[in-house]
Amino acid sequence: MLIPVDGLFALAPTLESGQTFRWRRSGDVFEGVVFGNVVKVRQADDGVEFTCGPDDGKYLAPLLSDYLGLATDLPAVYRSMSHDPRVSEAIDRYRGMRILRQDPWECLVCFICSSASNIPRISRNVEDLCASFGRPILVEGTPRRAFPTPHELAEAGERRIFELGLGYRAAYLAKTAGAVADGAVDLMSLREEAYGDALVALTSLDGVGDKVANCVMLFSLDQTSAFPVDVWIKRALQEWYSDAGVNKMSLPKMRLWAQEYFGEYAGYANQYLFHDRRLLGRGVTAGA
DNA sequence: AGCCAGGCCCTCC
DNA sequence: GGAGGGCCTGGC
């Protein structure tokens, strides 16, 4: 089935820029699990081609379109932030890369897992969580499982999560799963909240600090000004914007500065700079 | 062998 | 408020 896209869209950088961890690539086809379906997608000339199961393509198409961030007016985003030469350069390189609109719970779990880790390990940890605690999806081909619900993960408990090799993150996950299952935080409703309120709600959860909260807000909660400051972004900002006094700032202060500087779509600026920085491998020695 | 990784949390100043 | 250290585990 085809989702027509008349505007800018680049599938590969969208799925391979560290926003998400369950898509697997073979050639130009990506296979992932979303909305309880095993989905295969590939970029076509006139849009995004996909197959899915067990549900019907007609049911999934609008959901998938929403997930892929196709509703966003990308040219408007570009106009708002291309005044910055670094961002402008990154836009030229990854034109069409979009920010996904993921399930908030899945996104939250993935980024709790991301602490002091790396993409291969995060992917493995997340897939192990699904394999152990997620509901099987009945389709032919690669057996895969749905992402475990908050209740399923809370039920699993810290010990069994730890045994999967999640390390100290197991305690965070167990506690946060319990809190979400109990309704202490209603993740979906945070899409309607102001940035500051969503931030406070998320950081009340175990294992969720400023960085993780901003990732969740950006990749699943429609908070386009969210700006996750990780070590890559920190180094990039310190290298490029030292004139603005960024070097002496604490991480949350640095985030505030960036949100002010990049504006309404600061999160998009973040994503382009992050992806660029990672691919160019300039994280270790600044300026190398 | 020892350090660092896409942080968070706790303690102490 | 901010600096410093510990934390699971894996990879260089």
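For the structure, check the block above.
Residues numbered from 1 in each chain as written. Chains lettered and ligands numbered in written order. Predicted model: local features only at pLDDT ≥ 70, side-chain atom pairs only at ≥ 80, totals over all residues. Heavy atoms only, no water.

**Student:** If you had to explain the protein's contact with DNA strand B to someone new, which residues and values would you point to?
**Tutor:** In the neighbourhood of DNA strand B, 24 residues make up the surrounding shell, with G18, I119, G207, G209 and R235 lying closest. Counting only atoms of DNA strand B within 4 Å of the protein, the fraction found in sugar and phosphate groups is 63%. At 3.3 Å from a base nitrogen of DNA strand B is found a side-chain nitrogen or oxygen belonging to R278. Of all elements in the fold, only α10 (210–220), α11 (231–240) and α13 (266–280) reach the threshold of two or more residues within the surface near DNA strand B. Here the element with the most residues in the surface near DNA strand B is α10; it accounts for four residues. In the surface near DNA strand B, the residues fall into 12 nonpolar, seven polar and five charged. (Near = heavy atom within 4 Å. Polar contact = N/O pair within 3.5 Å; in protein donor to acceptor, adjacent residues only side chain to side chain. Helix = DSSP H or I, 4+ residues; strand = E, 2+ residues; numbered from the N terminus. Nonpolar A, V, L, I, M, F, W, Y, C, P; charged D, E, K, R; others polar.)

**Student:** Explain empty space enclosed by the protein to me, and be specific about the residues and the numbers.
**Tutor:** Summed over all chains, the structure comprises one cavity of 30 Å³ or more. Around the largest cavity, the lining residues are T20, R22, W23, G32, V33, V34, Y67 and E106. Residue contributions to the lining of the largest cavity peak at three residues, all from strand β3 (residues 29–34). (1 Å grid on protein atoms, 1.4 Å probe; cavity = no way out; pocket = protein on both sides within 12 Å on 5 of 7 lines; lining within 4 Å. Points joined across faces, edges and corners; volume = space filled by probe spheres on them.)

**Student:** So what's going on with the sheet that holds strand β5 (residues 47–53)? Which residues, and what values?
**Tutor:** One open sheet accounts for five strands, arranged β1-β5-β4-β3-β2; its pairing is antiparallel. Only two strands of the sheet have a single partner each, and these edge strands are β1 (2–4) and β2 (24–26). Each strand of the sheet is rotated relative to its neighbour by a mean of 30°, with strand direction disregarded. Strand direction decides the pairing type here: strand β4 (residues 37–44) and β5, joined by seven bridges, are antiparallel. Note on β5: the bridge partner recorded for K40 is T51. Its contacts with the sheet place helix α2 (residues 57–67) against β1, β3, β4 and β5, and it is angled at close to 130° to β5. (Pairing = 2+ DSSP bridges. Axes fitted to C-alpha atoms, helices over the stretch in contact; angles between N-to-C directions. Contact = heavy atoms within 4.5 Å.)

**Student:** Break down the pairing of β5 for me, with residues and values.
**Tutor:** Where β1 and β5 come together, three bridges link them in antiparallel fashion. Bridge pairing in β5 places L2 opposite E49. Linking two consecutive strands that pair antiparallel, namely β4 and β5, is a turn of two residues.

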